[in-house]
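Analysis of the macromolecular model
If you want the building blocks of each chain, they are given just below.
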Amino acid sequence: MTDNASEIVIKDKTFKKYISKEELQEIISNLADRINKDNENKEEILFIVVLNGAFMFAADLFKRIKGLHKITFVKFSSYDSVYSTGKVKSLIGLNENIANKHIIIVEDIVDSGKTMQDLLNQLKSMNPASVDICTLMFKPNNFKGDYNIKYIGKNISNEFIIGYGFDLDGIGRNLPNIYQLKK
């Protein structure tokens, strides 16, 4: 399998190339530009990255963020294979004091919004100065949350995706492009 294959097969499922690595970098540059502009007067921001999926996105995004800021990680699980279970399980929690701090949550994808809602509820109870959300991908047709997502890289359909941090049972995260499950 090459880095630029137009189709790949993982676990008997066929995926077609959906977003190229070049388009991903353009999306991330645009997000970073917006974040930098909106937050140029903030002395310090704590970026909270939701693992595992957002690690590649967060690394590329954070390299483009101006200023001296902090980054930390949390981990939740809500998927089983290609299906969302509807249940969010916290695997790694937040160990930072976030009272009166400006927070930007970095997520790979907001799908139904349940994982993010649970994280927002936890964070708001810790009295941060502000909380914004930055997601690489957003599924507006599946979203059931009641909150604002300030930074959206790209709206996508409800099909399952892999590559660039997204996976199928842990496989495919290392692909430089994003692939979408063929119907």
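Relevant structure appears above.
Residues numbered from 1 in each chain as written. Predicted model: local features only at pLDDT ≥ 70, side-chain atom pairs only at ≥ 80, totals over all residues. Heavy atoms only, no water.

Digging into the packing of aromatic side chains
- Per the stated rule, a full pass over the model turns up four aromatic pairs.
- Between phenylalanine 138 and phenylalanine 143, the ring centres sit 5.2 Å apart and the planes meet at 70°, which makes this aromatic pair edge-to-face.
- Residue class for phenylalanine 143 comes out partly exposed when judged on its relative accessible area of 21%.
- Each residue in the set Phe138, Phe143 and Tyr147 is aromatic and connected to the rest through ring pairs, giving one cluster. (Phe/Tyr/Trp six-rings, centres within 6.5 Å; stacked < 30°, edge-to-face > 60°. Buried < 20%, exposed > 50% of the residue type's maximum accessible area, 1.4 Å probe, protein only.)

Let's talk about the environment of lysine 13
- In this structure, lysine 13 sits in strand 2 (residues 13-19).
- Relative accessible area serves as the criterion here: at 28%, lysine 13 is assigned to the partly exposed category. (Helix = DSSP H or I, 4+ residues; strand = E, 2+ residues; numbered from the N terminus.)

So, the packing of helix 1 (residues 21-38) against helix 2 (residues 55-62)
- Across the interface, helix 1 lies against helix 2 with an axial gap of 9 Å and an inter-helix angle of 55°. With respect to each other, helix 1 and helix 2 are oriented oblique. Our pair here, helix 1 against helix 2, has a crossing hand that is right-handed. Contact with helix 1, carried on its side by Gln25, Ile28, Leu31, Ala32 and Ile35, involves Phe57, Asp60 and Leu61 of helix 2 and no other residues of that element.
- By residue class, the composition of the contact of helix 1 with helix 2 is six nonpolar, one polar and one charged. (Axes fitted to C-alpha atoms, helices over the stretch in contact; angles between N-to-C directions. Parallel < 35°, antiparallel > 145°, perpendicular 65-115°, else oblique. Left-handed = near helix turned anticlockwise from the far one by under 90°. Contact = heavy atoms within 4.5 Å. Nonpolar A, V, L, I, M, F, W, Y, C, P; charged D, E, K, R; others polar.)

Notes on helix 1
- Between the first and last C-alpha of helix 1 there are 26 Å, a value that for 18 residues agrees with the 26 Å anticipated at 1.5 Å per step.
- Taken together, the buried positions of helix 1 are Leu24, Ile27, Ile28, Leu31, Ala32, Ile35 and Asn36. Looking straight down helix 1, one finds that the buried residues subtend no more than 165° of arc, so they occupy a single side. Seen from the buried face of helix 1, the exposed residues on the opposite side, beyond 90 degrees, are Glu22, Glu26, Asp33 and Lys37. (Expected span 1.5 Å × (residues − 1). Arc of directions from axis to C-beta.)

Brief notes about the nonpolar core
- Within the largest apolar cluster, 27 residues are counted, with the highest numbers of intra-cluster contacts made by Phe57, Leu61, Leu136 and Met137.
- Secondary structure elements with two or more residues in this core: helix 1, strand 3 (45-51), helix 2, strand 6 (102-110) and strand 7 (130-138).
- At six residues, the largest contribution of residues to this core is made by helix 1.
- Among residues more than four places away in sequence, those in contact with leucine 61 are Ile28, Leu31, Ala32, Ile35, Val106 and Cys134.
- With 18 residues, the next largest nonpolar core counts Val74, Phe76, Leu119 and Leu123 among its residues. (Core = buried A, V, L, I, M, F, W, Y, C linked by side-chain atoms within 4.5 Å.)

Let's talk about the pairing of strand 2
- Here strand 1 (residues 7-10) runs beside strand 2; their pairing, made up of four bridges, is antiparallel. Counterpart to glutamate 7 in the pairing with strand 2 is lysine 16.
- The antiparallel hairpin formed by strand 1 and strand 2 contains two residues in its connecting segment, where lysine 11 sits at a positive phi of about 50°.
- One ladder, built from four bridges, connects strand 2 with strand 10 (residues 178-181); its direction is antiparallel. (Pairing = 2+ DSSP bridges.)

With respect to unusual backbone geometry
- A cis amide bond links leucine 51 with the next residue in sequence, asparagine 52, at an omega value of 0°.
- Along the chain, the position of asparagine 52 falls in the loop between strand 3 and helix 2.
- Despite not being glycine, aspartate 12 shows a phi value in the positive range, around 65°.
- Topologically, aspartate 12 is positioned in the loop between strand 1 and strand 2.
- Residue aspartate 12 is classed as exposed on the basis of its relative accessible area of 77%.

Observations concerning the environment of glycine 53
- Secondary-structure assignment places glycine 53 in the loop between strand 3 and helix 2.
- Judged by its relative accessible area of 7%, glycine 53 is buried.
- Sequence-distant contacts of glycine 53, that is, excluding residues within four places in its chain, are made with Asp108, Tyr164, Gly165 and Arg173.

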